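Now for the letters of each chain:
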Amino acid sequence: MGKIIDGKALSAAVKDEVRAQVGELEAKYGRKPCLCVIIVGENPASQVYVRNKVKAAAYTGMDSKLIELPADTTEEALLSQIAALNEDPSVDGVLVQLPLPKHIDEEKVIDAISREKDVDGFHPGNVSGLWLGKDCIVPCTPAGIIRLIDSTGESISGKTAVVVGRSNIVGKPVAKLLLDRNATVVIAHSRTADLGAVTRLADILVVAVGKAGLVTGDMVKPGAVVIDVGMNRNAEGKLCGDVDFASCEPVASWITPVPGGVGPMTIAMLMQNTIHCFLSRMQG
Ligand code: NDP
């Protein structure tokens, strides 16, 4: 029987650590870290994510700003808003909630956020830092996944890790983080022939695809640690992962639920990244 990795509890512990740090940083530097979140348009899922991010920032005691822009905001207006925040000495972290309306080039927007304030870790300077093994801001979801695996007490070094999905925000960076921790890493994707044969190799299986129930129990190696990144709505509108929990949980040694696994950790790591940005700016 798989033990549940409680992302909610771990996230709460990380947010408490950040809360303690915020107090210490304010005493030392005379101001609190500040996270600025921009949302363009009224995508309901994005609105929920943004609200949760601002709520988490408030919990930790850091300052936060929420900038809500209408869906018809021009790319130029968004870029000038970002430029102003880059220059604003009271702002440490800038996050633009994705996806953006179709008429705005996401890549341009990501590139426009200064590397030092890029709390999402999506800026090319941070991406290259990750791949070259230099100091960088690590994307929140992949960083949270490593914390979840570490929380099981299972070591990553020497294990075979299979990551299903190769996106820039989850699959690729988590594969690199697992490699950095000396796992032998395989990345699977939509063109992988016989996905089950590949996932059955995994001591650590991370699934970040966006297809409800893609991974079933017969695709999991007995005793594997299974991390489900997927956030999908089923026919009843209920949030569910990429992993079929009912069939995988009896096979896995550890498994994350959806909801209550990776999602809450992503937000906790965002708080940590804001501290990271604050400290790099303060310490030059
Ligand atoms: P993307 O759509 O960017 O990438 C999906 C990846 O899955 C692609 O690499 C794609 O392969 C691969 N894929 C698609 N179909 C299959 C298949 N049948 N078999 C194997 N691989 C397949 O998604 P994201 O990485 O952005 O997100 C993945 C999931 O994680 C989503 O459900 C998203 O909502 C969730 N998510 C959750 C977060 C959280 O905080 N909990 C944060 C970010 C994402 P190919 O490259 O060949 O097209």
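Our structure is the block above this text.
In this text, all values refer to a predicted model and were calculated from it rather than measured experimentally.

### Quick look at the overall build of the protein chain
Move 1: The helix and strand tally for the protein chain stands at ten helices and eleven strands.
Move 2: Its C-alpha atoms give the protein chain a radius of gyration of 19 Å, within 12% of the compact-globule value 19 Å for 284 residues.
Move 3: Its C-alpha atoms give the protein chain principal-axis dimensions of about 50 × 40 × 35 Å.
Move 4: The burial tally for the protein chain puts 48% of its 284 residues in the buried class.
Move 5: Taking as baseline every contact in the protein chain between residues at least 6 positions apart, the subset at least 24 positions apart corresponds to 71%.

### Some words on the pattern of salt bridges
Move 1: This model, assessed by the stated rule, comprises nine salt bridges.
Move 2: Close ionic contact of K159 with E154 constitutes a salt bridge, the shortest N to O distance being 4.0 Å.
Move 3: Here the salt bridges do not stand alone but share partners, grouping R31, D92 and R281 into one network.

### Some details on the environment of I227
Move 1: Structurally, I227 is set in strand β8 (residues 225-228).
Move 2: Spatially, the C-alpha atoms of I227 and V243 are 8.4 Å apart, while their sequence positions differ by 16 residues.

### Overview of helix α6 (residues 140-151)
Move 1: Compared with the 16 Å implied by 1.5 Å per residue over twelve residues, the 16 Å span of α6 between its first and last C-alpha is a close match.
Move 2: Within α6, nine of the twelve residues are buried, which leaves the element mostly enclosed by the surrounding structure.
Move 3: Looking at α6, one finds that the buried residues are C140, T141, P142, A143, G144, I145, I146, L148 and I149.
Move 4: Contacts made by the buried residues of α6 are with α1 (7-29), α7 (171-180), β7 (204-207), β8 and α10 (262-282).

### Structural notes on the pairing of strand β2 (residues 34-40)
Move 1: Of all seven residues in β2, seven are buried, a share of seventy percent or more.
Move 2: Here β2 shows two buried faces, one formed by C34, C36, I38 and V40 and the other by L35, V37 and I39.
Move 3: Direction of pairing for β2 relative to strand β3 (residues 63-69): parallel, over a ladder of seven bridges. What sits directly across from V37, in β3, is L66.
Move 4: In this fold, the crossover linking β2 to β3 by way of helix α2 (residues 44-60) has right-handed handedness.
Move 5: Of the strand pairs in this sheet, β2 and strand β4 (residues 93-96) are connected by four bridges, and their pairing is parallel. Bridge pairing links V37 to L95 in β4.

Conventions adopted
Residues numbered from 1 in each chain as written. Predicted model: local features only at pLDDT ≥ 70, side-chain atom pairs only at ≥ 80, totals over all residues. Heavy atoms only, no water. Helix = DSSP H or I, 4+ residues; strand = E, 2+ residues; numbered from the N terminus. Rg over C-alpha atoms; globule rule 2.2 N^0.38 Å. Buried < 20%, exposed > 50% of the residue type's maximum accessible area, 1.4 Å probe, protein only. Contact = heavy atoms within 4.5 Å. Salt bridge = Lys/Arg side-chain N within 4 Å of Asp/Glu carboxyl O. Expected span 1.5 Å × (residues − 1). Pairing = 2+ DSSP bridges. Right-handed = clockwise from strand over helix to strand, strands pointing away.

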